[in-house]
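Here is how the chains run, residue by residue.
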Amino acid sequence: MPQLYVGVLCGLAVLSVSTSVCAGVQLQPVATGLSKPLFVTNARDGSNRLFIVEQAGRILVLQPGATTPTDFLDITTNVLSGGERGLLG
């Protein structure tokens, strides 16, 4: 099952920096049970909640300290998804 990870990517943009900068970087799982997540943002209200958008038409909310998000908005019956279709932003 796909998981959402938070981490720092050491990619092409930092090739000129010593690889020791990236040596201590680790990915940490944040949420499980996701299906084609494409965007994540915080609530910006001090609650530290995360909102996760899935392509099929669900917006999930992840409470601080939780690993399984709950439905915030489910419009899957109104969204055609797959390929380049769906709730894309």
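In this text the structure is predicted, and so the values were computed from the model without any measurement. (Residues numbered from 1 in each chain as written. Predicted model: local features only at pLDDT ≥ 70, side-chain atom pairs only at ≥ 80, totals over all residues. Heavy atoms only, no water.)

Colleague: Just to check I follow, could you spell out the pattern of salt bridges for this structure?
Modeller: When the charged atoms of two side chains lie near each other, side chains of opposite charge can form a pair. One pass over the structure, following the stated rule, counts three salt bridges. The shortest N-O distance in the salt bridge between R49 and D45 comes to 2.7 Å. Note that D71 and R58 form a salt bridge whose closest N and O atoms lie 3.1 Å from each other. In this pair, D71 is assigned in strand 6 (residues 70-74) and R58 in strand 5 (residues 58-62), connecting sequence segments 13 residues apart. Assessed through its relative accessible area of 43%, D71 is described here as partly exposed. It is possible to trace a salt-bridge network through shared partners that takes in E54, R58 and D71. (Salt bridge = Lys/Arg side-chain N within 4 Å of Asp/Glu carboxyl O. Helix = DSSP H or I, 4+ residues; strand = E, 2+ residues; numbered from the N terminus. Buried < 20%, exposed > 50% of the residue type's maximum accessible area, 1.4 Å probe, protein only.)

Colleague: I keep staring at the pairing of strand 4 (residues 50-54) and nothing clicks. Help me out?
Modeller: Side chains on a regular strand alternate between the two faces of the sheet. The element strand 4 is extensively covered by neighbouring structure, given that four of its five residues are classed as buried. Bridge count for strand 3 (residues 37-42) against strand 4 is five bridges, and the pairing is antiparallel. Counted as the bridge partner of V40 is I52 from strand 4. Where strand 4 and strand 5 come together, four bridges link them in antiparallel fashion. Following the sheet pairing, I52 is matched in strand 5 by L60. Between strand 4 and strand 5, which follow one another and run antiparallel, lie three residues, and G57 among them has a positive phi close to 120 degrees. (Pairing = 2+ DSSP bridges.)

Colleague: I tried to follow the nonpolar core on my own but got confused; where do I start?
Modeller: Across soluble globular proteins, nonpolar side chains show a tendency to be buried alongside one another. In this structure, V30, A31, L34, I52, L60 and L62 together form the largest nonpolar core, which totals six residues. When residues of this core are traced back to their parent elements, those giving at least two are strand 2 (28-31) and strand 5. Judged by nonpolar contacts, the second largest core, of five residues, contains F51, V53, I59 and L87. (Core = buried A, V, L, I, M, F, W, Y, C linked by side-chain atoms within 4.5 Å.)

Colleague: Even after reading the chapter, I still don't get the sheet that holds strand 3, so can you show me in this structure?
Modeller: Strand pairs in the sheet, formed through backbone hydrogen bonds, run parallel or antiparallel to each other. Pairing in this open sheet of four strands is antiparallel, and the strands run 3-4-5-6 from one edge to the other. Looking at the sheet topology across the chains shown, the edges are occupied by strand 3 and strand 6. Neighbour-to-neighbour, the strand axes of the sheet open up by a mean angle of 25 degrees, direction not taken into account. (Axes fitted to C-alpha atoms, helices over the stretch in contact; angles between N-to-C directions.)

Colleague: Please clarify how the environment of E54 should be interpreted in this entry.
Modeller: Counting through the fold element by element, E54 comes out in strand 4. A C-alpha to C-alpha distance of 6.4 Å links E54 and S35, two positions 19 residues apart in sequence. At 2.8 Å, the side chain of E54 and the backbone nitrogen of S35 are in polar contact. A polar atom in the side chain of E54 sits 2.8 Å from the side chain of R58. (Polar contact = N/O pair within 3.5 Å; in protein donor to acceptor, adjacent residues only side chain to side chain.)

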